[in-house]
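# Coordinate analysis (summary)
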Amino acid sequence: MRKPASPYALLALCGVVFISGCATNGHHPAAAAATPTGPQRVGTIALVNEDLSYVLVDVGSLYSPQAGTALKSFSGGAETAILAVDPEKQRPFIVADIIRGNPKVGDEVRE
């Protein structure tokens, strides 16, 4: 059974959303029409909570995967973790559970 999110986790999510909310002006470049040939980039890890085994992924204006989708995080081209998308999300962030590995802030996340 999945543990409910702690008040601290929700507070952290709200803080990150508040801080980043002013960083965009609502204008985003158009997405490329080409079909990706490799793993699709989802975003970048913005926060890691090792105690509760989850990460916040900043997806910006990129594709936002559905709950349950398997993701991988990478640093310098090397895989750092396997993640699973959680239903909880608030643009530009999604929550993903850490299934295996040691993700770090700044790691690239791909589907």
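Remember, it's a predicted structure, so these values are computed and weren't measured experimentally.

### Details of the overall build of the protein chain
- Of the regular secondary structure elements, the protein chain holds one helix and six strands.
- Listing the helices and strands of the protein chain from first to last along the sequence gives α-β-β-β-β-β-β.
- For the protein chain, the proportion of its 111 residues judged to be buried stands at 32%.
- Long-range contacts, defined here as pairs at least 24 residues apart, represent 58% of the contacts in the protein chain between residues at least 6 apart.
- Approximately 7000 Å² of the protein chain is accessible, and the part contributed by carbon and sulfur atoms is 59%.

### Here we look at the sheet that holds strand β6 (residues 108–110)
- On the basis of which strands lie adjacent, the closed barrel formed by six strands has the order β1-β2-β5-β4-β3-β6 and antiparallel pairing. Pairwise comparison of adjacent strand axes, ignoring direction, gives a mean angle of 45 degrees for this sheet.
- With five bridges connecting them, strand β2 (residues 54–58) and strand β5 (residues 93–101) associate as antiparallel partners. Across the sheet, residue leucine 56 finds its bridge partner in β5, namely valine 95.

### Quick word on the packing of aromatic side chains
- Under the definition given, this model contains zero aromatic pairs.
- For arginine 110, the ring lying beneath its charged end belongs to phenylalanine 74, and the centroid distance is 4.2 Å.

### Considerations on the pattern of salt bridges
- Taken as a whole and judged by the stated rule, the model has four salt bridges.
- Across the salt bridge formed by arginine 41 and glutamate 108, the nearest N and O atoms sit 3.6 Å from each other. You can see arginine 41 sitting in strand β1 (residues 41–49) and its partner glutamate 108 sitting in strand β6, a full 67 residues away along the chain.
- By relative accessible area, glutamate 108 is classed as partly exposed at 26%.
- Through salt bridges with shared partners, one network takes in Arg41, Glu108 and Arg110.

### A short note on the nonpolar core
- Membership of the largest hydrophobic core comes to 13 residues, with the highest contact counts inside it found for Val42, Val55, Val57, Leu71, Leu83, Ile94 and Val109.
- Of all the secondary structure elements, the ones that give two or more residues to this core are β1, β2, β4 (78–90) and β5.
- In contact with valine 57, other than residues within four places in its own chain, are Val42, Gly43, Thr44, Ile45, Pro92, Phe93, Ile94 and Val109.
- By size, the runner-up hydrophobic cluster in this structure holds five residues, among which are Leu47, Leu56, Phe93 and Val95.

Criteria and thresholds
- Residues numbered from 1 in each chain as written.
- Predicted model: local features only at pLDDT ≥ 70, side-chain atom pairs only at ≥ 80, totals over all residues.
- Heavy atoms only, no water.
- Helix = DSSP H or I, 4+ residues; strand = E, 2+ residues; numbered from the N terminus.
- Buried < 20%, exposed > 50% of the residue type's maximum accessible area, 1.4 Å probe, protein only.
- Contact = heavy atoms within 4.5 Å.
- Areas by Shrake-Rupley, 256 points an atom, 1.4 Å probe, with all protein chains shown as cover.
- Pairing = 2+ DSSP bridges.
- Axes fitted to C-alpha atoms, helices over the stretch in contact; angles between N-to-C directions.
- Phe/Tyr/Trp six-rings, centres within 6.5 Å; stacked < 30°, edge-to-face > 60°.
- Lys NZ or Arg CZ within 6 Å of the ring centre and 35° of its normal.
- Salt bridge = Lys/Arg side-chain N within 4 Å of Asp/Glu carboxyl O.
- Core = buried A, V, L, I, M, F, W, Y, C linked by side-chain atoms within 4.5 Å.

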